[in-house]
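Summary of the model geometry
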Amino acid sequence: MLTVLLLFVLICGSTGGEIAISHGAKKTGEPKRMRPRELLLFIGQVMCNGWFLLGIPLMAASFFALLILFSWHPLSFVIPISALSYVVGALGAKYLLKEEVNTARWAGVILVCAGVALVAAG
Amino acid sequence: MASEKRLRIKTLIMVLAMVVCAVTGDLLLKRGMSELGAVHFTASALAQALLHMATSATIWLGILFLVGFMATQMTVMSWADYSYVMPAGAFGYALQTFLAVVVLHEVVSTKRWIGVFLICIGVVLVGQTKPRSTECAVREKAVASC
């Protein structure tokens, strides 16, 4: 039961964190030019965004769940299951970020999810 | 049409930079930690490991690449969809496998090669879609509120 809970924290923490950071980055707006000064300024602005500050503890919780799971189960069990985060991430992008996830993108996400699971299990 | 092509090229370059930074960072951290050997959970062993981490150029270089990964990921997500960047970034698993064979001369199982093949098809499929399906914020407004 605790394993299921930690897998939930692992998957939802990492995708939730990335979704929050993605939202924060979009709220900041893209840098106009790809110059070091402009990029550093942009990164600083994202880092003082509330969404970024919400994303970091979520990702940290996910990381600690991963460490605990590694101490209980083999890598070949944990990583293939964590590949589900690609599907959960696409769902989050569709319903929370209101992105347009069409059939081709869904097919790609599912293939990547299966591929990552196989690479990790292999 | 031209701006869409420009957006696609810009996104693919940034995703590639993101993947290269992540893979290089992981490889350098692995190399740096391998120099130390297995870390045991005793106070003295952990202190020794921390000292090694703080003084190892390989580990610092690895951290620098991972910071680069974080920076490129945040930058690309400021204009591209999360559902585009996230699966495209999985190309790193394929790159890691190629590097393991070419650089480290590791033997890779058939199962893993099938996984790499699926990832590559998945990334190509996602790459065919529009990188951005939502509107981006205007930067000047955000600068004022930050």
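For the structure itself, look to the data block above.
Residues numbered from 1 in each chain as written. Chains lettered and ligands numbered in written order. Predicted model: local features only at pLDDT ≥ 70, side-chain atom pairs only at ≥ 80, totals over all residues.

Attention now goes to the overall build of chain A. Helix and strand counts for chain A come out as six helices and zero strands. The helix and strand sequence of chain A, counted from the amino end, reads α-α-α-α-α-α. C-alpha atoms of chain A, sized along the principal axes, occupy 45 × 35 × 25 Å. Excluding contacts between residues fewer than 6 apart, the proportion of contacts in chain A whose partners are at least 24 apart in sequence is 76%. (Helix = DSSP H or I, 4+ residues; strand = E, 2+ residues; numbered from the N terminus. Contact = placed C-beta atoms within 7 Å.)

The subject of this paragraph is the overall build of chain B. When you go through chain B residue by residue, the secondary structure sums to seven helices and zero strands. Going from the N terminus to the C terminus, chain B shows its helices and strands as α-α-α-α-α-α-α. Scored against the burial criterion, the 146 residues of chain B give a buried share of 32%. The long-range fraction of contacts in chain B, counting pairs at least 24 apart against all pairs at least 6 apart in sequence, stands at 81%. (Buried ≥ 20, exposed ≤ 12 C-beta atoms within 10 Å, placed from the backbone.)

So, about the packing of helix H1 (residues 2-28) of chain A against helix H5 (residues 85-95) of chain A. All names here are of chain A. As a packed pair, H1 and H5 sit with axes 9 Å apart at the nearest point and diverge in direction by 40 degrees. Between H1 and H5, the angle is such that the two are oblique. Relative to H5, H1 is oriented so that their crossing is right-handed. On H5, the residues touching Ile11, Cys12, Ser14, Thr15, Glu18 and Ile19 of H1 are Ser85, Val88, Gly89, Gly92 and Ala93. Residues of the contact of H1 with H5, tallied by class, amount to five nonpolar, five polar and one charged. (Axes fitted to C-alpha atoms, helices over the stretch in contact; angles between N-to-C directions. Parallel < 35°, antiparallel > 145°, perpendicular 65-115°, else oblique. Left-handed = near helix turned anticlockwise from the far one by under 90°. Nonpolar A, V, L, I, M, F, W, Y, C, P; charged D, E, K, R; others polar.)

Residues and elements named next belong to chain B. Here Ala100 lies in helix H5 (residues 91-102). With 15 C-beta atoms packed within 10 Å, Ala100 lands in the partly exposed category. Along the chain, Ala100 and Leu27 lie 73 residues apart, while their C-alpha atoms are 9.8 Å from each other. Apart from residues lying up to four places away in sequence, Ala100 is in contact with Glu106 and Val108.

One finds Tyr86, Val112 and Val116 of chain A together with Met18, Met77, Val85 and Ile119 of chain B to be the most contacted residues of the largest nonpolar core, which totals 51 residues. Examining the composition of this core, we find that nine residues originate from one element, helix H6 (residues 103-121) of chain A, more than from any other. Excluding residues that lie within four positions of it along the chain, Val85 of chain B makes contacts with Val15, Val76, Met77 and Ala80 of chain B. Of all hydrophobic cores here, the second largest spans seven residues; its members include Leu10, Ile11, Ala65 and Leu69 of chain A. (Core = buried A, V, L, I, M, F, W, Y, C linked by C-beta atoms within 7 Å.)

Let's shift gears to the interface of chain A and chain B. Residue-level contacts link 44 residues of chain A with 38 residues of chain B. Breaking the side of chain A that touches chain B down by element, the ones donating at least two residues are H1, helix H2 (36-47), H5 and H6 of chain A. Per element, the largest residue contribution to the side of chain A that touches chain B is 13 residues, and it comes from H6 of chain A. Within the side of chain A that touches chain B, the residues separate by chemical class into 24 nonpolar, 10 polar and 10 charged.

Attention shifts here to the packing of H5 of chain B against helix H6 (residues 110-128) of chain B. All names here are of chain B. At their nearest, the axes of H5 and H6 sit 9 Å apart, and the two run at 140 degrees to each other. Classified by the interaxial angle, the pair formed by H5 and H6 is oblique. Once H5 is placed against H6, the crossing between them reads as left-handed. On the side of H5, the interface is formed by Phe91, Tyr93, Ala94 and Thr97, while H6 contributes Arg112, Val116, Ile119, Cys120 and Val123.

Bringing unusual backbone geometry into the picture now. Residue and element names in this part refer to chain A. Not every positive phi belongs to a glycine, and Lys98 is a case in point at roughly 60 degrees. Inspection of the secondary structure assignment puts Lys98 in the loop between H5 and H6. According to the C-beta neighbour criterion, Lys98 is exposed, with 10 such atoms within 10 Å.

The values are spatial; any link to function lies outside them.
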